[in-house]
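Descriptive analysis of the structure
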Amino acid sequence: STMNPSTPPHPSDTASCSPWIQQLPPDRGPQRLEADTAADVAVVGAGIAGVATSFFTLRGTSKTVLLLERNQAGHGASGHNAGQLATYFERPLCELVEEYGFAEALAAQKAFDDSHYLLDLMVAESGADVRVDRFQGKMGMFTLNHLEVHLRNNLLRLQGGLQFEACVVSEEAEFLAQIPAEFTPLYTVVSQSQICALLDSPTDRYRAVLFSWKGCANSALLTQQVLAYLQRHYPERFRYVDRTPVDRIVLHAENATLEAGAHRVTEGRVVLCTNGFTDHVVVDSQGGAPWFRRHPLGEGQHRLHGRFCGNGATQARRAELHPQQGDRRGRPLCLCDPAPPPTRRPAGHPHLHGGAGTAAR
């Protein structure tokens, strides 16, 4: 059929227009939850975050894991994105240091930096053959304020023992003499023609360039390939169900209960990797509201120090595996503590730095 180009497409016409999903193998059919069950850890959401959380929990512990998906694996945000691999927060590092302190913010940044290694580890061990491209990204800047924010972030990285991102500034930048002296070791002055060449820009608008390692991958295909590995490699400890929406989560003193349709799942930990979807309810059987502590994961993102992760009031956009002792009530936390992966860097990626992390990001 034809479509009038002046008429915006209806959402239903574009819902499946994803180059990532187009590369997926045929669906094997529903794998629904058919009865009540139990697991040590329940992970809700089978996108890249939920599959990675399951991977590192199974790899680093002896826990049993149940992964629940309301639709199909990799068909949510993981199947409708730009596939960009990047290691930065949605807020400047300097702001996070002001709000959470130097040690905690730098530890979080190091964990983010190490996620390149964790991704390579997951791809290698799972035998996934999805293409993962890595390249040097370049960000153009044209104001002193923009440049200062990133130079201050770099100074904090340097003070925290992290690798800082290379930066060049045009010799023709109007603000060159206004750059604070403390940032002098963090950038190099180059010609304006070099700035234009680096950005492949025909204009002189940009006056500085920041370099950082980026990448691209089909996260939907990676999600399904790692999921298939988990089903093969951990048949006794891992189970996956799809077309199984979670309606309600009840937090108890020592565990939690998921209500998914007509069935219930009892588990010690719940991890929500649901990218902000809010079509389920979370309640505390003790009568109080679940307690959240803000975590520096970016604007609007939070981690619950109880038995599940949350974004805003009830959701989690990212699931992390951090060793913790308990929440302020002395109750178990949202995730088990996996053993860290080995510190050896994967061959072929000399740009990766830092040791092992303990988070599935």
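Structure: above.
Quick summary incoming for the structure in this document. These numbers were taken from a predicted model, which means no experiment stands behind them.

A few words on the overall build of the chain. The helix and strand inventory of the chain stands at eight helices and 14 strands. Taken over 361 residues, the chain has a buried fraction of 51%. Relative to all contacts within the chain whose residues are 6 or more apart in sequence, the contacts with residues 24 or more apart total 71%. Carbon and sulfur atoms provide 52% of the accessible area of the chain, an area that totals close to 17,000 Å².

Scanning all chains against the criterion turns up 14 salt bridges. A salt bridge links R157 to D113, with the nearest nitrogen and oxygen atoms 2.9 Å apart. Note that R157 is positioned in helix α6 (residues 144-159) and D113 in helix α5 (residues 102-126), a separation of 44 residues in sequence. Notably, a salt bridge pairs R207 with E174, separated by 2.9 Å at the nearest N-O pair. Of this pair, R207 sits in the loop between α7 (192-199) and β7 (208-217) while E174 sits in the loop between β5 (167-170) and β6 (188-190), placing them 33 residues apart in sequence. Note on E174: relative accessible area 57%, which makes it exposed.

Right, let's get into the packing of helix α4 (residues 93-100) against α6. Their axes nearest at 8 Å, the elements α4 and α6 cross at an angle of 60°. Taken together, α4 and α6 sit at an angle that is classed as oblique. Contacts between α4 and α6 involve L93, C94 and V97 on the former and, on the latter, V149, R152, N153, L156 and R157. A per-class count over the contact of α4 with α6 returns five nonpolar, one polar and two charged.

Now for the pairing of β5. Side chains C167 and V169 of β5 all project onto a buried face; the interleaved residues V168 and S170 project onto the opposite face, where all are buried too. Where β5 lies against β6, three bridges are found, and the strand directions are parallel. Within β6, the position partnered with V169 by the bridge is V189.

Turning our eyes to something else, we now look at the nonpolar core. Judged by nonpolar contacts, the single largest core of 37 residues is most densely connected at L67, L230 and F238. The dominant element in this core, judged by the number of residues it contributes, is helix α8 (residues 219-233), at seven residues. Sequence-distant contacts of F238, that is, excluding residues within four places in its chain, are made with S54, L58, V65, L67, L227, L230 and Q231. Residues A42, V44, V270 and L272 belong to the second largest nonpolar core, which totals 17 residues.

Outside of glycine, negative phi angles account for most residues, and trans bonds account for most peptide bonds. One non-glycine residue, D200, lies in positive phi territory at about 50°. Residue placement: D200 occurs in the loop between α7 and β7. Judged by its relative accessible area of 71%, D200 falls in the exposed class. Notably, R243 is not glycine yet its phi reads approximately 50°, a positive angle. Mapping R243 onto the fold places it in the loop between β8 (238-241) and β9 (248-251).

Right, let's talk about the sheet that holds strand β2 (residues 65-68) for a bit. Ordered in space as β8-β2-β1-β11-β10-β9-β12, the seven strands form an open sheet in which the pairing is mixed. The open sheet has two edge strands, β8 and β12 (281-284), and neither has a second partner. Strand-to-strand twist of the sheet, defined as the mean angle between neighbouring strand axes without regard to direction, takes the value 35°. Across the face of the sheet, helix α3 (residues 48-60) comes into contact with β1 (37-44), β2, β8 and β11 (263-272) while running at roughly 175° to β2. Along the sheet, α8 contacts β2 and β8; its crossing angle with β8, the most-contacted strand, is approximately 135°.

Take V132: it is sitting in strand β4 (residues 132-141). You can call V132 partly exposed: its relative accessible area is 22%.

The element β7 is extensively covered by neighbouring structure, given that eight of its 10 residues are classed as buried. Two strands pair when backbone bridges link them, and strand β3 (residues 84-85) and β7 are joined in this way by two bridges, in the antiparallel orientation. Paired with L85 across the two strands is G215, which belongs to β7. Pairing analysis gives 10 bridges linking β4 to β7, with the strands arranged antiparallel. Paired with M139 across the two strands is L210, which belongs to β7. Taken together, the three bridges between β5 and β7 define a ladder with antiparallel strand orientation. Each residue of the ladder has a partner; that of V168, found in β7, is V209.

Rules and cut-offs
Residues numbered from 1 in each chain as written. Predicted model: local features only at pLDDT ≥ 70, side-chain atom pairs only at ≥ 80, totals over all residues. Heavy atoms only, no water. Helix = DSSP H or I, 4+ residues; strand = E, 2+ residues; numbered from the N terminus. Buried < 20%, exposed > 50% of the residue type's maximum accessible area, 1.4 Å probe, protein only. Contact = heavy atoms within 4.5 Å. Areas by Shrake-Rupley, 256 points an atom, 1.4 Å probe, with all protein chains shown as cover. Salt bridge = Lys/Arg side-chain N within 4 Å of Asp/Glu carboxyl O. Axes fitted to C-alpha atoms, helices over the stretch in contact; angles between N-to-C directions. Parallel < 35°, antiparallel > 145°, perpendicular 65-115°, else oblique. Nonpolar A, V, L, I, M, F, W, Y, C, P; charged D, E, K, R; others polar. Pairing = 2+ DSSP bridges. Core = buried A, V, L, I, M, F, W, Y, C linked by side-chain atoms within 4.5 Å.

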